[in-house]
Amino acid sequence: LAMFFARIVGHTGRVLTFEPVPTLAEDLQRNLDLNDLSQVQLIRCAVSDSCGHLEFDFPEGNQTQGKLVGHEKTYQHRFASRLVVDCVTLDSIW
């Protein structure tokens, strides 16, 4: 979605994108660079209601289904890897 919104705002706009999983953040940054989307700022953190570090479940085969542990009570994925990720609030980055 970051690349989609980058095209909408153009080179004079600004897009913030958040990705806490290191390998996915690297892929995203490479795609942003290849597409000359300097208006996108990649923030390598999760967004939460507090700043700090939280556990993040990441199912390797289903990359869009990662969740902060304990924030969505109905979410369970038996085969998820668990990472500790940095978290920010939206207020903390403005």
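Residues numbered from 1 in each chain as written. Predicted model: local features only at pLDDT ≥ 70, side-chain atom pairs only at ≥ 80, totals over all residues. Heavy atoms only, no water.

**Brief notes about the pattern of salt bridges**
Turning to step 1, where the next piece is worked out: Tallied over the entire structure, the rule returns 3 salt bridges.
Turning to step 2, where the next piece is worked out: Close ionic contact of Arg30 with Asp27 constitutes a salt bridge, the shortest N to O distance being 2.4 Å. Highlighted residues: Arg30 and Asp27, both in helix H2 (residues 22-34), separated by 3 residues, approximately one helical turn.
Turning to step 3, where the next piece is worked out: Judged by relative accessible area, Asp27 falls into the partly exposed class, the value being 35%.
Turning to step 4, where the next piece is worked out: The closest approach of N and O atoms between Arg82 and Glu55, which form a salt bridge, is 3.6 Å. In this pair, Arg82 is assigned in strand E6 (residues 81-88) and Glu55 in strand E4 (residues 52-58), connecting sequence segments 27 residues apart.
Turning to step 5, where the next piece is worked out: Salt bridges sharing common partners tie together Glu55, Asp57 and Arg82. (Salt bridge = Lys/Arg side-chain N within 4 Å of Asp/Glu carboxyl O. Helix = DSSP H or I, 4+ residues; strand = E, 2+ residues; numbered from the N terminus. Buried < 20%, exposed > 50% of the residue type's maximum accessible area, 1.4 Å probe, protein only.)

**Considerations on a nonpolar patch on the surface**
Turning to step 1, where the next piece is worked out: On the surface, a cluster of nonpolar side chains totalling about 550 Å² of accessible area is made up of Leu1, Phe4, Phe5, Ile8 and Val9.
Turning to step 2, where the next piece is worked out: Within the secondary structure layout, Val9 lies in helix H1 (residues 2-9).
Turning to step 3, where the next piece is worked out: Residue Val9 is classed as partly exposed on the basis of its relative accessible area of 34%. (Patch = residues over 30% accessible without salt bridge, like charges linked within 9 Å, V, L, I, M, F, W, Y side chains within 5 Å. Areas by Shrake-Rupley, 256 points an atom, 1.4 Å probe, with all protein chains shown as cover.)

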